[in-house]
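# Residue-level structural notes
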Amino acid sequence: MYQVVDKQTIGPNLTQYEIMAPRIARARKCGQFVIVRPFAHSERIPLTVADTNPGKGTITLIVQTVGKTTLEMSQIEKGGAFQDVAGPLGMPSHIEKFGTVVVIGGGLGTAVIYPQAIALKEVGNKIVTIIGARTKDLLIMQDLLAKLSDQLIMTTDDGSSGKKGLVTHALQELIDDPNSRVDAVYCAGPVIMMKAVAQVTKPHNIPTIVSLNPVMVDGTGMCGGCRVTVGGKTKFACVDGPEFDGHQVDYDELMDRLTTYKPQEKNSLDQFKSHTCKCGRH
Amino acid sequence: MTETKDDLNRKLTPKERLAIERQQMPQRDGAERARDFNEVNLGLAEKIAIREAKRCLQCKNAKCIEGCPVNIDIPAFITKISEGDFLGAAAVIRKDNNLPAVTGRVCPQEVQCECRCLRCKSDSPVAIGWLERFVADYEMKHRTGKLEVTAAKTGKKVACIGSGPAGITCAGELAKMGHDVTIFEAFHKAGGVLVYGIPEFRLPKAIVQREIDNLQELGVKIETNVIVGRTLTIPQLFEEEGFDAVFIANGAGLPTFMNVPGENFKGVYSANEYLTRVNLMGAYQFPKFDTPVIKGNRVCVVGGGNTAMDAVRTSKRLGAAESTIVYRRALEQMPARVEEVHHAQEEGIRFEMLTAPVEVLGNGDGWVKGLRCIRMELGEPDESGRRRPVPVKGSEFNIECDLVIVAIGINANPLLTQATPGLKVNKWGYIEADENLMTSLPGVFAGGDIVRGAATVILAMGDGKTAARNIDKYLAGK
Ligand SMILES: Cc1cc2nc3c(=O)[nH]c(=O)nc-3n(C[C@H](O)[C@H](O)[C@H](O)COP(=O)(O)OP(=O)(O)OC[C@H]3O[C@@H](n4cnc5c(N)ncnc54)[C@H](O)[C@@H]3O)c2cc1C
Ligand SMILES: Cc1cc2nc3c(=O)[nH]c(=O)nc-3n(C[C@H](O)[C@H](O)[C@H](O)COP(=O)(O)OP(=O)(O)OC[C@H]3O[C@@H](n4cnc5c(N)ncnc54)[C@H](O)[C@@H]3O)c2cc1C
Ligand code: SF4
Ligand code: SF4
Ligand code: FES
């Protein structure tokens, strides 16, 4: 069992967990993830390690409640424990000094790019961060990113905070602005957003690294469920990625594969919700 | 022939033995069992086992022993059975085989012990596998007392990486020698292919769990969720965790795909993924267990090995109306255990032999709708001595289906080997080990599928045993 040392709500449907996992805390490099099975009956779900405290032996996960497993997980309180946490998995982020790097996080992808931004900063890059969400309440980690970044741009679809519009608009403006540089782009978020970002950078040949999120089971290259097409070749995101060259990824295939279990996911969530209502405190 | 107390004690003449026909294993009706996950074979009753045991001719130069990769003294254990001393029979088997309840069920007996049986010449071989299973099950039910380690503690620490048959066997042997053993397992559950690959209807998980419990009784520690190469590295095991030797038995888990167009449509699985979802994650009990699996109404499984048989029979149990094996060679050339092929036939599985897929067809919405195949014919023999299948020009045709499971073999998973500097692998990525199963790194041994390529449970166990012996020697010399 893996103890939940701390738990905080950091936004609507967004929970930050600090988990005791000393070996993972020590081994983990930026860009890697863990596979979590919160209960014995749960699915194995991949979650990016947002931060670690090797001295204390803990790792930090930031989790958005989207379905049955993440919802049930959110009922585990501080002092409780996760059944299984395995990792760190995946290739560490490719970190080098480019000059100015634009780091883009959409929705929950912000949790994924945060450690990348730290690592990119450490090797001497200038960091411009763009975070976007549908609406103000869904923007996360502004304070942390504001401190870290040389420039922080926020966008919301409805204009409730920062610029109105999409992250790609903000990125296009940066590219078009003769006074700013964009030497590389790191991006994580909804697949459709990563696809759009790659389309913006491609004509300018700006190196673009995206972090992919296919459905996984083992996370060790054993099942092939996480396969994605990159540069016309099949790759296993859990061992070859999860980060890939954004200009080579077949996003449409990934988006399509992500819908594989939609009916089952809905069924599972509905049953869980109706069950909790019947036996809960209501 | 009916047994009386007299019969039991009387030694039969060879002629009398030869007169007994091979007994049948009771099994559940094909149509009934193809709808659930309970075990297919029901095991021999005591009387039947004794009768079968009496068929053994007690050969002086018993060839059956040579056919068994771990050289169990087969006539000796069979004699005990014929005398009604089942626990005595178990003790004979246990000298060479720690997991008889497993091997009795899954060994390909027809190409190992049984195919060397003298009785093959006259009628049919002694049912060595069924007898082994009988004895193991009897022992499980009737064993009293705890397993104990009698050897003095050596104070040496050994790590086994992986908890499949090779890792389990090695750990058990080393513990009995007095070493302090820890198994590191990547998954959340121990057992390797025995839990995530081979389905419940062929090998009940309770049996595997019993073996894992036995190990813990012997003092073996099992740490799950440790992926060696990621969570910990082999150098760390020595330098930071204080181990004196390491046995690598991480299996071969890397799925092979067909490399044909359309293979990434929704509804195409590797057998590894499909079986893991169903067996390890309990997807057949969704939504009680959260992991989903695509069930499929018309299912094609590509391949002809045990994995293919397990996948196709599983699909039937999940409710498919039609489940088909698509294999590029002929029925007799399938590498699966003969019993599994028979069972599959009884359960209504279709066999499209001499057929190879050339493309997975999509329905326009990202889902599989069929498999485009080409007919094959047998040409000249290849390196393996089997006649090589060659495509028949212009013979393409489509099989309609909504689920495709690819079971055409596995390869070496590079995750651990790539993270271990100095560990020599061959050109296919399998670990190189010498006759003592020591690798290029001193104190690091390896066995099972990661050395042999996809092989069998009993060979993996044999490696576990050989490695344990040599690790013990290595530690004594240190
Ligand atoms: C490398 C990687 C890193 C990730 N990091 C984070 C993170 O830091 N924080 C976070 O909140 N989420 C992260 N995710 C996504 C997270 O795994 C899913 O949100 C989670 O699995 C949803 O499970 P559920 O049962 O709650 O929802 P469900 O209702 O089961 O699924 C909702 C959606 O989540 C995705 N999903 C479902 N099961 C899986 C699975 N086994 N593997 C991957 N995706 C799945 C699918 O797109 C699905 O449509 C990451 C995914 C990947 C692949
Ligand atoms: C579906 C299927 C059916 C089969 N049917 C039969 C049959 O009927 N008869 C027969 O004789 N053989 C059969 N086989 C083959 C047989 O199961 C294998 O040859 C045997 O299990 C190999 O044993 P092993 O101990 O080498 O590895 P495995 O059983 O593969 O176990 C390896 C273990 O190591 C773990 N692991 C992997 N990487 C790491 C890591 N980096 N760190 C920690 N742990 C790790 C894995 O999770 C796994 O638990 C079948 C195989 C399959 C897949
Ligand atoms: S271990 Fe396998 S090969 Fe050996 S006797 Fe038993 S069934 Fe036969
Ligand atoms: S070869 Fe057959 S008959 Fe002879 S000892 Fe072995 S099992 Fe018995
Ligand atoms: S999750 Fe199974 S291979 Fe990547």
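Residues numbered from 1 in each chain as written. Chains lettered and ligands numbered in written order. Predicted model: local features only at pLDDT ≥ 70, side-chain atom pairs only at ≥ 80, totals over all residues. Heavy atoms only, no water.

### Focus on the packing of helix 5 (residues 167-176) of chain A against helix 6 (residues 191-201) of chain A
Residues and elements named next belong to chain A. At a minimum axis distance of 10 Å, the contact between helix 5 and helix 6 shows a crossing angle of 15 degrees. Here helix 6 runs roughly parallel to helix 5, going by the angle between their axes. The handedness of the crossing between helix 5 and helix 6 is right-handed. In this structure, helix 5 contributes Val-167, Thr-168, Leu-171, Gln-172 and Ile-175 to the contact, and helix 6 contributes Met-193, Ala-196, Val-197, Val-200 and Thr-201. Looking at side-chain class alone, the contact of helix 5 with helix 6 contains seven nonpolar, three polar and no charged residues. (Axes fitted to C-alpha atoms, helices over the stretch in contact; angles between N-to-C directions. Helix = DSSP H or I, 4+ residues; strand = E, 2+ residues; numbered from the N terminus. Parallel < 35°, antiparallel > 145°, perpendicular 65-115°, else oblique. Left-handed = near helix turned anticlockwise from the far one by under 90°. Contact = heavy atoms within 4.5 Å. Nonpolar A, V, L, I, M, F, W, Y, C, P; charged D, E, K, R; others polar.)

### Observations regarding the packing of aromatic side chains
Residues and elements named next belong to chain B. Counted by the stated rule, this structure contains 12 aromatic pairs over all chains. Judged by centre distance (6.2 Å) and plane angle (50 degrees), the rings of Phe-37 and Phe-201 are tilted. Separated by 164 residues along the polypeptide, Phe-37 in the loop between helix 3 (30-33) and helix 4 (46-53) and Phe-201 in the loop between helix 11 (193-196) and helix 12 (205-217) bring together distant segments of the chain. When sorted by exposure, Phe-37 lands in the same class as Phe-201, which is buried. Measuring from centroid to centroid gives 4.3 Å for Phe-37 and Tyr-284, while their planes differ by 25 degrees, and the two rings are stacked. Of this pair, Phe-37 sits in the loop between helix 3 and helix 4 while Tyr-284 sits in the loop between helix 14 (271-280) and strand 6 (298-302); the two residues are 247 residues apart in sequence, bridging distant segments of the chain. The exposure class assigned to Tyr-284 is partly exposed, which follows from its relative accessible area of 29%. Aromatic rings pair up to connect Phe-37, Phe-201 and Tyr-284 into one cluster. In this structure, Lys-157 packs its charged tip against the face of Phe-243, placed 4.5 Å from the ring centre. (Phe/Tyr/Trp six-rings, centres within 6.5 Å; stacked < 30°, edge-to-face > 60°. Buried < 20%, exposed > 50% of the residue type's maximum accessible area, 1.4 Å probe, protein only. Lys NZ or Arg CZ within 6 Å of the ring centre and 35° of its normal.)

### Section: the site of ligand 1
All names here are of chain A. The immediate surroundings of ligand 1 are formed by 24 residues, with Pro-46, Ile-62, Gln-64, Thr-69 and Thr-70 found nearest. Between Thr-48 and ligand 1, the recorded distance is 2.9 Å, taken from a side-chain N or O atom to a nitrogen atom. One nitrogen or oxygen atom from the main chain of Ile-62 is found 2.8 Å from a nitrogen atom belonging to ligand 1. For ligand 1, the accessible surface in isolation is 850 Å², of which the surrounding protein chains cover 89%. Contributing elements (two or more residues each) for the shell around ligand 1: strand 4 (45-53), strand 5 (58-64), helix 2 (68-73) and helix 9 (262-279). Counting residues per element, the shell around ligand 1 draws most heavily on strand 4, which supplies four residues. Counted by class, the shell around ligand 1 contains 13 nonpolar, six polar and five charged residues. Taken domain by domain, the makeup of the shell around ligand 1 includes at least three residues from each of domain 1 (2-89) and domain 2 (100-258). (Near = heavy atom within 4 Å. Polar contact = N/O pair within 3.5 Å; in protein donor to acceptor, adjacent residues only side chain to side chain. Areas by Shrake-Rupley, 256 points an atom, 1.4 Å probe, with all protein chains shown as cover. Domains from an automatic or database assignment.)

### Let's talk about the domain arrangement of chain B
All names here are of chain B. Domains assigned within chain B are domain 1 (5-142), domain 2 (157-253 + 412-475) and domain 3 (255-410). Here the C-alpha centre of domain 2 lies 29 Å away from the C-alpha centre of domain 1. Taken residue by residue, the interface counts 21 residues in domain 1 and 22 residues in domain 2. In this assembly, domain 1 packs against domain 2 so that about 1900 Å² is buried in total across both faces, 70% of it on carbon and sulfur atoms. When the area that domain 1 buries against domain 2 is broken down by residue, the three leading residues are Asn-98, Leu-99 and Met-140, summing to 31%. At the surface where domain 1 touches domain 2, the tally comes to one salt bridge. (Buried area = accessible area lost by both parts, 1.4 Å probe. Salt bridge = Lys/Arg side-chain N within 4 Å of Asp/Glu carboxyl O.)

### With respect to the site of ligand 2
Residues and elements named next belong to chain B. In the region of ligand 2, 35 residues are neighbours, and Val-106, Glu-185, Arg-202, Val-228 and Asp-449 sit closest. Taking Glu-185, its side chain carries an N or O atom lying 2.6 Å from an oxygen atom of ligand 2. Measuring from an oxygen atom of ligand 2, one finds a backbone N or O atom of Val-457 at 3.0 Å. In the complex, the protein chains occlude 93% of the 1000 Å² of accessible area that ligand 2 would expose alone. Elements with a minimum of two residues in the shell around ligand 2: helix 10 (165-176), helix 15 (306-317) and helix 19 (457-476). If you tally residues by element for the shell around ligand 2, the top one is helix 15, at three residues. In terms of residue class, the shell around ligand 2 is built from 19 nonpolar, 11 polar and five charged. Both of domain 2 (157-253 + 412-475) and domain 3 (255-410) provide at least three residues apiece to the shell around ligand 2.

### So, the interface of chain A and chain B
Contacts between the two partners involve 46 residues from chain A, matched on the other side by 46 residues from chain B. On the chain A side of the interface with chain B, the three residues burying the most area are A:Arg23, A:Met222 and A:Arg227, jointly 20% of the side's total. Joining chain A to chain B, the criterion identifies five salt bridges. Where B:Glu223 meets A:Arg23, a salt bridge forms, and the shortest distance between an N and an O atom there is 2.7 Å. Of all the elements in the fold, those that place two or more residues in the side of chain A that touches chain B are helix 1 (22-27), helix 2, strand 7 (84-89), strand 14 (227-230), strand 15 (233-236), helix 8 (251-257) and helix 9 of chain A. Among the elements that make up the side of chain A that touches chain B, the one with the highest residue count is strand 7 of chain A (six residues). Taken together, the residues of the side of chain A that touches chain B sort by class into 15 nonpolar, 18 polar and 13 charged.

### Remarks on unusual backbone geometry
The residue after A:Gly241, namely A:Pro242, is reached through a cis peptide bond having omega 10 degrees. In this chain, B:Phe286 is followed by B:Pro287 through a cis amide linkage whose omega measures 5 degrees. With respect to the helices and strands, the residue B:Pro287 is situated in the loop between helix 14 and strand 6.

### Let's talk about the sheet that holds strand 3 (residues 221-223) of chain B
Residue and element names in this part refer to chain B. In spatial order, the strands read 3-2-1-4-14; together these five strands make up an open sheet with parallel pairing. In the strand order of this sheet, the two ends are held by strand 3 and strand 14 (444-446), each with one partner. Strand-to-strand twist of the sheet, defined as the mean angle between neighbouring strand axes without regard to direction, takes the value 20 degrees. Judged from the five bridges that link them, strand 1 (residues 157-161) and strand 2 (residues 180-184) form a sheet pairing that is parallel. Residue Cys-160 lies in a different strand from strand 2, and its bridge partner there is Ile-183. The sheet contacts of helix 19 involve strand 1, strand 4 (245-248) and strand 14, and relative to strand 4 the element is tilted by about 165 degrees. (Pairing = 2+ DSSP bridges.)

### Comments concerning the pairing of strand 4 of chain B
Residue and element names in this part refer to chain B. Along strand 4, one buried face is formed by Ala-245 and Phe-247 and the opposite face, lined by Val-246 and Ile-248, is buried too. Here strand 1 runs beside strand 4; their pairing, made up of four bridges, is parallel. If you follow Val-158 over to strand 4, its bridge partner there is Ala-245. Bridge analysis of strand 4 against strand 14 gives three bridges, and the strand direction is parallel. Its bridge partner being in strand 14, Val-246 is matched across the sheet by Val-444.

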